[in-house]
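Chain by chain, the residues run as shown.
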Amino acid sequence: MILGPNMHVLLVEDDPVLADGIARILRGHGMVVDVVHNGDDADRALQAREMSVAVLDIGLPGIDGFEVVRRLRSRGSQLPVLLLTARDDVQDRVRGLEMGADDYLVKPFAAPELVARLKALVRRSNPRSVDLQLGGLQLDPFARRATIDGLTIELSAREWAVLEYLMQHASRVVSKQQIIDAILPWGEEVTLNAVEVYISRIRAKIDKAGITIKTIRGFGYMLEQSAR
Ligand code: CA
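Residues numbered from 1 in each chain as written. Predicted model: local features only at pLDDT ≥ 70, side-chain atom pairs only at ≥ 80, totals over all residues. Heavy atoms only, no water.

Let's talk about the coordination of the calcium ion
Of the protein atoms, only D14 (OD), D57 (OD) and G59 (O) coordinate the calcium ion, at distances of 2.1 to 2.3 Å. We note that the donor set of the calcium ion lies within a single chain, spaced as D-x42-D-x1-G. Of the two residues, D14 sits in the loop between β2 (8-12) and α1 (16-28) while G59 sits in the loop between β4 (53-57) and α3 (65-74), which places them 45 residues apart along the sequence. What makes D14 partly exposed here is its relative accessible area of 31%. (Donors = N, O, S within 2.8 Å, 3.2 Å for Na, K, Ca; no water. Helix = DSSP H or I, 4+ residues; strand = E, 2+ residues; numbered from the N terminus. Buried < 20%, exposed > 50% of the residue type's maximum accessible area, 1.4 Å probe, protein only.)

What follows is the structure in structure tokens.
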């Protein structure tokens, strides 16, 4: 899953090589990234610009990461903040969380973990702001609107629910039963065959989006990006 173009990250890291590497990874996931290299610039950027999330190194020239978060929270900002700590130091973590950080990662960390943590932070802080996007297909969960390359496609309520579930689990195999459990209010009857019907209708509607719903024989489905 790729988050929509509205995810804007402030990256604060004084090591230029690490900063470049992280920025490249996040941009590769469709995020807009501003990079600053010291605490004072971070403090200014956070006052001047609208962000979705900040990734903040603790050890910085000028004011450190703790102080940047403290000032941010003292201004009443709820911006999600993920701290990067240089070592697995419990004191640093506790202090960071006390200052108002939401999460932390210990260096060195794996890129997919950073991406996953940031998405989770943004989703938690403002679930409405995050569209689901894959290939040319975009779902706006708040408006319950699905578009392919900007053009709205019509989906029934159940088709929407199935597609939303598949998008939330893109590139992962899901069983028919998982789909049923996810889309139905408790107690309502839906057969495995009905799921197959929804899937075939959805396939017909999204076949121009550059994504496919693969059948995993005897088990379920997997939504993934394909060539257009
Ligand atoms: Ca540092």
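A short note on the sheet that holds strand β6 (residues 103-106)
The strand order across the open sheet formed by five strands is β3-β2-β4-β5-β6, and the pairing between neighbours is parallel. The strands lining the two open edges of the sheet, one partner per strand, are β3 (32-36) and β6. On average, adjacent strands in this sheet sit at an angle of 20 degrees to one another, irrespective of strand direction. Of the pairings in the sheet, the one linking β2 to β3 comprises five bridges and is parallel in character. The partner of L11 across the bridge, within β3, is V35. (Pairing = 2+ DSSP bridges. Axes fitted to C-alpha atoms, helices over the stretch in contact; angles between N-to-C directions.)

Some remarks on the nonpolar core
Counting residues in each nonpolar core, the largest one holds 32 residues, and the members touching the most others are L137, L166, I179, I206 and L223. When residues of this core are traced back to their parent elements, those giving at least two are β7 (132-134), β8 (137-140), β9 (145-148), α6 (157-168), α7 (176-183), α8 (192-206), β12 (211-216) and β13 (220-225). Per-element accounting of this core gives the leading share, seven residues, to α6. Ignoring anything within four residues of it in the chain, the contact list for L166 reads V174, I179, I199, I213, Y221 and L223. Judged by nonpolar contacts, the second largest core, of 20 residues, contains M51, V68, L72 and L83. (Core = buried A, V, L, I, M, F, W, Y, C linked by side-chain atoms within 4.5 Å. Contact = heavy atoms within 4.5 Å.)

Side note on the domain arrangement of the protein chain
Many authors give the size of an interface as the accessible area that is lost as the parts come together. Assigned domains of the protein chain: these are domain 1 (4-127) and domain 2 (131-225). Relative placement of domain 1 and domain 2: their C-alpha centres are 33 Å apart. (Domains from an automatic or database assignment.)

Thoughts on the pairing of β13
Of all six residues making up β13, five are buried, and the element is well covered by its neighbours. Bridge analysis of strand β11 (residues 173-175) against β13 gives three bridges, and the strand direction is antiparallel. Paired with V173 across the bridge in β13 is M222. Note that β12 and β13 share six bridges and pair antiparallel. If you follow I213 over to β13, its bridge partner there is L223. Here β12 folds back onto β13 in antiparallel fashion, the turn holding three residues, of which G218 has a positive phi close to 75 degrees.

Quick notes on the environment of P112
Take P112: it is sitting in helix α5 (residues 111-125). Using a relative accessible area of 61% as the deciding quantity, one classes P112 as exposed. Between the C-alpha atoms of P112 and L26, which are 86 residues apart in sequence, the distance is 9.7 Å.

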